[in-house]
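# Close look at the chain arrangement
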Amino acid sequence: MRKIILPLMVVLTSAILIISCKKAATVSEEQQIPQSVLSQIAALGFSTNNVIPEEGGYIVEGDIFLDAATLSSKPSSPRLVIATEEQYNTFNLVTGLPRTITVSTSGSVNAAVSAAVDGAIARYNAQNLNLTFQRVASGGNINVKIVRNAQYIASAGFPSGGNPYNTISFNKRYETYSAGFLTTVLAHEMGHCIGFRHTDYMNRSYSCGTGGNEGQETSGVGAVHIPGTPTGPDAASWMLACLSATTDRPFNANDKTALNYLY
C-alpha cells in the first residue's frame, strides 16, 4: 500500500492523504475566525494557521483544543526556550504525584478502538512512572469520546489546575485503521492531556512535509525543553505532529527519558 502521511488531522487530495494530530480543511467564509480569537491564540504561543472552529472553542496545530478559559489565560514561565527538534512540555503539568489517572470511553466505540485505549494505557504503565493509567467503565479523568464528521483524526487539550485535560475526541472515520496506528494516536493525545507538546512544534514540516513553527510566547502555554532529550531531529518520537496510515510509534529512548523526567 502506498505510504500516506497523516498529521494527527486529515486532508484528502487526489494524490495524497495527509494526517496530523488533525488536519484542517479550508475554512469557509462564514467560518472565518475573529481576529480577536486569532490574537488570543497567537498570545498563547500557537500557530494561527488552519484554526478549526469546534464546539466550545477552537482546534489549533491539528489536534490541540483550546476552550474559552484557556484562550483568556496568561500563564508564564522563565524556562521558555527556542530550539530545534526535541521533546517539549507546556508550563502546565499534572501534579499531586504519585497519581492514578482513570481513562474511560463514550459513544460508539468499536473493539479496535477499545483495544487501542488499553494498548495506550499499557505503553504508559510499562514505564513505571509516578502517573499510572487505569481503564474505567465511565467518568474517567480522561474520556475518549467518539465523534463523527470531524476535520481531524483526534484532538485533546493541555492540563489545567494540576489535572489532565479531560477529553480526547476521536474521529469514528479512523476506527478501522491498524492497531499500531490507533494505539499511537491515542497515546499521542494522552501525551497532550498530561502536558506534552509536539516534538517538532518548531518545524512542523519535519513530520508533516509542510508547515513551520507552531509558535510559542513567553506568556503562552510554553514549549519547555526537557533535559536529556536530543537537540536534533527525532524521527520516531510518539509526539511528532504527523504520522502515516501505517505508523506505529511506541516510546523510543528519548520519549522514555522525557516521560521519566516529568513523571
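One structure accompanies this document, and this report is about it. Chains are numbered independently. Their residues run from 1 in the order of the written sequence. Totals for whole chains, interfaces and linings use all residues, but because this is a predicted model, local features are given only for residues with pLDDT of at least 70 and pairs of side-chain atoms are given and counted only at 80 or more. Here the side-chain values reflect all heavy atoms present in the structure, with hydrogen atoms and water set aside.

## A few points about the overall build of the protein
Regarding its fold elements, the protein presents six helices and 14 strands. The classification of residues rests on relative accessible area computed with a 1.4 Å probe and restricted to protein chains. Under 20% of the type maximum is buried, over 50% is exposed, and intermediate values are partly exposed. Of all 263 residues assigned to the protein, the portion counted as buried reaches 54%. Contact criterion: two residues are considered in contact whenever any of their non-hydrogen atoms come within 4.5 Å of each other. Put simply, of all contacts in the protein between residues at least 6 apart along the chain, 71% involve residues at least 24 apart. Here the open area of atoms and residues is found with the Shrake-Rupley method and a 1.4 Å probe, where only the protein chains shown may cover a residue. Entry remark: accessible area of the protein is about 10,800 Å², with carbon and sulfur atoms responsible for 50%. Numbering of helices and strands runs from the N terminus, with a helix taken as a DSSP run of H or I at least four residues long and a strand as a DSSP run of E at least two residues long.

## Comments concerning the pattern of salt bridges
Any carboxyl oxygen of Asp or Glu that lies within 4 Å of a side-chain nitrogen of Lys or Arg is treated as forming a salt bridge with it. In this structure the tally under the stated criterion is three salt bridges. Residues arginine 135 and aspartate 118 are paired through a salt bridge, measuring 2.8 Å at the closest nitrogen-oxygen approach. Taken together, the positions of arginine 135 in strand β9 (residues 131-135) and aspartate 118 in helix α3 (residues 111-125) put the pair 17 residues apart, joining distant regions of the chain. Residue classification places arginine 135 among the partly exposed residues on the basis of a relative accessible area of 29%.

## Notes on the sheet that holds strand β8 (residues 99-106)
At least two DSSP bridges between two strands are needed for those strands to be called paired. On the basis of which strands lie adjacent, the open sheet formed by five strands has the order β9-β8-β10-β12-β11 and mixed pairing. Looking at the sheet topology across the chains shown, the edges are occupied by β9 and β11 (154-155). Bridging between β8 and strand β10 (residues 142-147) involves four bridges; their strand directions are parallel. Each bridged residue has a counterpart across the sheet, and for valine 103 the counterpart in β10 is isoleucine 142. The sheet strands contacting α3 are β8, β9, β10 and β12 (167-171), and the helix crosses β9 at an angle near 160°. Lines fitted to the C-alpha atoms define the axes, with helices restricted to the stretch that makes contact. Angles between their N-to-C directions range from 0 to 180 degrees. Each of β9, β10, β11 and β12 touches helix α4 (residues 179-193); the most contacted strand, β12, lies at about 150° to it.

## Some points on the pairing of strand β6 (residues 64-67)
Sheet topology note: the strand β5 (residues 57-60)/β6 ladder contains four bridges and is antiparallel. Bridge assignment links valine 60 to a residue of β6, and that residue is isoleucine 64. Counting the residues in the hairpin turn of β5 and β6 gives three residues, including glutamate 61, whose phi is positive at 55°.

## Considerations on helix α1 (residues 35-43)
Looking at α1, one finds that the buried residues are Val37, Leu38 and Ile41. Considered in projection along α1, the buried side chains sweep an arc of 100° and stay on one side of the axis. Lining the buried residues of α1 we find β5, β6 and α2 (68-71). Here, the arc refers to the directions that run from the helix axis to the C-beta atoms.

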